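Listed below, chain by chain, are the residues.
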Protein chains: 2
Amino acid sequence: MAKVLTSKEENYSQWYNDLVAKADLAENSAVRGCMVIKPYGYAIWEKMQAQLDKMFKDTGHVNAYFPLFIPKSFLSKEAAHVEGFAKECAVVTHYRLKNDPDGKGVIVDPEAKLEEELIIRPTSETIIWSTYKNWIQSYRDLPILCNQWANVVRWEMRTRMFLRTTEFLWQEGHTAHETSEEALAETTQMINVYADFAEEFMAIPVIKGAKSANERFAGALETFTIEALMQDGKALQSGTSHFLGQNFAKAFDVQFANRDGKLDYVWASSWGVSTRLIGALIMAHSDNNGLVLPPKLAPYQVVIVPIYKNGEQLAEISVKVNEIMAKLRKRGISVKYDNRDSQRPGWKFAEYELKGVPVRLAIGPRDLENGSIEVARRDTLEKTTEQIENIDQVVEDLLEAIQKNIYDKAFLFRAENTTKVDSYDEFKALLNTKGGFFLAHWDGTSETELLIKDETKATIRCIPFEGDGEEGFCMVTGKPSKQRVIFALAY
Amino acid sequence: MAKVLTSKEENYSQWYNDLVAKADLAENSAVRGCMVIKPYGYAIWEKMQAQLDKMFKDTGHVNAYFPLFIPKSFLSKEAAHVEGFAKECAVVTHYRLKNDPDGKGVIVDPEAKLEEELIIRPTSETIIWSTYKNWIQSYRDLPILCNQWANVVRWEMRTRMFLRTTEFLWQEGHTAHETSEEALAETTQMINVYADFAEEFMAIPVIKGAKSANERFAGALETFTIEALMQDGKALQSGTSHFLGQNFAKAFDVQFANRDGKLDYVWASSWGVSTRLIGALIMAHSDNNGLVLPPKLAPYQVVIVPIYKNGEQLAEISVKVNEIMAKLRKRGISVKYDNRDSQRPGWKFAEYELKGVPVRLAIGPRDLENGSIEVARRDTLEKTTEQIENIDQVVEDLLEAIQKNIYDKAFLFRAENTTKVDSYDEFKALLNTKGGFFLAHWDGTSETELLIKDETKATIRCIPFEGDGEEGFCMVTGKPSKQRVIFALAY
């Protein structure tokens, strides 16, 4: 079969775009920068949502829903926040169309102008804290642990499917607490939840750490992040959790009577992950044959393809396949039977490789005679012949092995592409040749960070929580440094 | 305890607003006409979503996601559609804010004006059919059976929480078919799914039927509806399914090669239900003590309140309660244990009555001695004393009985408030005294329908699928009529 994807080695960016299109994940829409998430791509998002939602609820959170619109004046209330978001806002100014008097379709009715413009939420801190003001009087009303699943809009100039789109889907948690310690503990808890999700479900190893001041969320005192390494050696920020201090409580005057009966401002966190995670999933594992999906997030984990010459053979095979499917489903394994007559087996094999289905079973008349079945795993493309009798156990074990293998592969890749550097020259030389994560000493100043960014485009991805604590000297200025931080080129 | 709700009899509308607020379902936001759906209200929506989503998938549908924005020119492509929606559109005209040169917050940057304005989707037919154009070449690409869960915006002048809000949450199914028959069968299938959901899960009897031409969706050839009767005698349209013919295919030039190799336009349906269903749920069952929730949609089905005088008693009770909870959960029953020390039992009883929790269990030291427990059902407010030993079976049976009882009660109410009328005078006399559904003959013309609406505010809710087929004469014009239709005042 002809290759349908540009190879990664030839053009990584084109490979990514080809894959998103050919695996039926998403496509560009008629609206600039907005994508259509197609059913197969959306099914991955649904799997992610279900698991994350469970993890949020297991840690005591509840879901709610806040308005899409934010009054313009709300954005201005937190100085850093408006600075960060004002330049990329979709603004609603009118609430009605009318027939064009010239008879050409419809025009905006100038008489239906809003008194105050409304911003489509780029994030919801402001509308949520204006609401929390009414919910919180006393420490007895705290903590508030809300999450919402929503769409948000940021008017990005350069967009890329899943990675950076004008509209995207995400969840945003917004919590309110009595004390700084409690809000910070929540911030930490949630970055840990994201890391567990990334590693256990997405099979992507991540580094947890704090952002430098430059890279913090607009309005946060601390931003914690999980950073993943893509196969082209670039970093992808995959989830963030922000300690907001009392900034939003002060902006919206949210005070509570504390245990001493005194008024105090409420402490806050917010945290989110988005459909960007699908981009991470694609770029961390996939190959030149298509997607490689971790079994725990695959829309279906197994596909069964019948090999037959006539309807009689298909009928016999289908009887056996139904038995196999029942056994697999009993173990909680999701399975699709592709008995379409319109496509040949070879076409189907390529199709499911493209779509990253973890395990493919193929069964023909000779298999029926022998009680055997062909098992192909997507991650290594290896094929074996197994007995039908215990195929459910074989597949269950294989799915576990695949989940582990793709994590191990990504972990090894990251290990091989993480480099300790002690001189700026070495850093610059390796950044564009080897790529990956660089562990380097930094003097802690924004000045040095921006100089490095200007000269190399590399940014500090995070100050890792679990560094080796080795002290040293900044690779640029030679000033003292408490620990190495992670630099990389990033999406 | 003082009544916290205005009584239904005193002021139904105020009762509704009180209930939405006091049961913690939703509240008005800072943005005109937009509500905040609070965690308890959102939990009901999540239950609805989970069940509907399962029913959609069981009937072969998949989820996808299409953009929030619709280019203004798209709306104009289907004449009736733009006519129906242009007057209530939120319009995005700019994509950036900037600092006010006068130093007062931010203003819209006049240089960031969009070339073409974007409409916030009031419904997604246009953006979806512009997408389907690329997905459909041949009959082999059909049917397409997509659904999306999304927010939509309609700039309503008079809003009411859940029933009519500027932004609301819904699902919208959009399907594409080879033939008119197939699209019509889909339209019918989905109104049946909605009716099954309303009756089996919401415990609300509904009447299925077709809308008159006046009341059809903008762009549809047929609109099917489910109509429910609220306790104040008004109808609530609770879900609609539209047969769109080839209107949107023609507007967006979506043709396919049919089985004869000829080009034909694709046939379409669309169907949706929204957070309005929560309004229906409230108004169909609740009473002056608060919400009455059907067990199948209650965020938690059982609450357990301990009655104790000291920590020692509470500890003993809690041991037993943990056993009871484990047994209930084993049967798939959701249960909350309210052991808060900050509120008295009487306060908790009132609180859970307000919130409509179907079953309340109360247990104190004497119960522990006797192996007994108090069981209160929310629908009838009856209390019994039961043995702890088999409490799980008792509660399971009781939940079923409650689900059935509130349906039966609503069914009886509707029967008592459905009136056959043969004269217009009788209709007018009873409409504002008795209210409810009126079965009357109508001559089938928009003229007569509009006359009745002008004079009485009543509308034709639907031409029922399962009428008695009795022919007669229009109550207004005396012209012949094939069957009675349903008139009512409506939300």
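Analysis parameters
Residue numbering note: each chain is counted from 1, following its sequence as written. Labels follow written order: the first chain is A, the first ligand is 1, and so on. Only residues with pLDDT of at least 70 get local features here, since the model is predicted, and only at 80 or more are side-chain atom pairs given and counted; chain-wide, interface and lining totals rely on the full set of residues. The exposure label follows from counting other C-beta atoms within 10 Å of a residue's C-beta, where the C-beta atoms are placed from the backbone and the thresholds are 20 or more for buried and 12 or fewer for exposed, leaving partly exposed in between. Only DSSP runs of H or I covering at least 4 residues are called helices, and only runs of E covering at least 2 are called strands; the numbering of each starts at the N terminus. Two strands pair under a simple rule: DSSP has to find at least two bridges between them. Here, residue contact means that the backbone-derived C-beta atoms of the two residues sit within 7 Å. To define axes, lines are fitted to C-alpha atoms, for helices over the stretch in contact only, and angles between the resulting N-to-C directions are given on a 0 to 180 degree scale. Domain start and stop positions are those given by an automatic or database domain assignment.

**Examining the pairing of strand β13 (residues 235-245) of chain B**
Residue and element names in this part refer to chain B.
Moving on, step 1. Counting buried positions along β13 yields ten of eleven residues, so the element is predominantly enclosed.
Moving on, step 2. Sheet topology places strand β12 (residues 222-229) next to β13; eight bridges connect them, and they run antiparallel. By the bridge assignment for β13, Thr223 is matched with His242.
Moving on, step 3. Linking two consecutive strands that pair antiparallel, namely β12 and β13, is a turn of five residues; a positive phi of about 85 degrees is found at Gly233 within it.
Moving on, step 4. One ladder, built from five bridges, connects β13 with strand β16 (residues 267-274); its direction is antiparallel.

**Some points on the sheet that holds strand β24 (residues 459-464) of chain A**
All names here are of chain A.
Moving on, step 1. Spatial ordering of the open sheet is given by β3-β9-β10-β16-β13-β12-β11-β24-β27-β23-β22, a layout of eleven strands whose pairing is mixed. One side of each edge strand has no neighbouring strand; the edge strands of this open sheet are β3 (62-63) and β22 (418-420).
Moving on, step 2. When β24 meets strand β27 (residues 484-488), the two strands line up antiparallel, connected through three bridges. Across the sheet, the residue bridging to Cys462 is Ile486, located in β27.
Moving on, step 3. Along the sheet, helix α8 (residues 276-285) makes contact with β10 (167-177), β12 (222-229), β13 (235-245) and β16 (267-274), crossing β13 at roughly 145 degrees.

**Points about the sheet that holds strand β8 (residues 113-120) of chain B**
Paired through backbone hydrogen bonds, the strands of a sheet run either parallel or antiparallel to each other.
Moving on, step 1. Judged by pairing direction, the sheet is antiparallel, and its six strands sit side by side in the order β4(A)-β8(A)-β5(A)-β5(B)-β8(B)-β4(B) without closing on themselves. Edge positions in the sheet fall to β4 (69-71) of chain A together with β4 (69-71) of chain B, since each has one partner strand and no second. Neighbour-to-neighbour, the strand axes of this sheet turn through a mean angle of 45 degrees, independent of strand direction.
Moving on, step 2. In the sheet, β4(A) pairs with strand β8 (residues 113-120) of chain A via three bridges, with the strands oriented antiparallel. Note that in β8(A) the partner of Phe69(A) across the bridge is Ile120(A).

**Quick notes on the domain arrangement of chain A**
Moving on, step 1. On domain assignment, one finds that chain A holds domain 1 (12-285), domain 2 (300-405) and domain 3 (418-488).
Moving on, step 2. Computed over C-alpha atoms, the centres of domain 2 of chain A and domain 3 of chain A are 48 Å apart.

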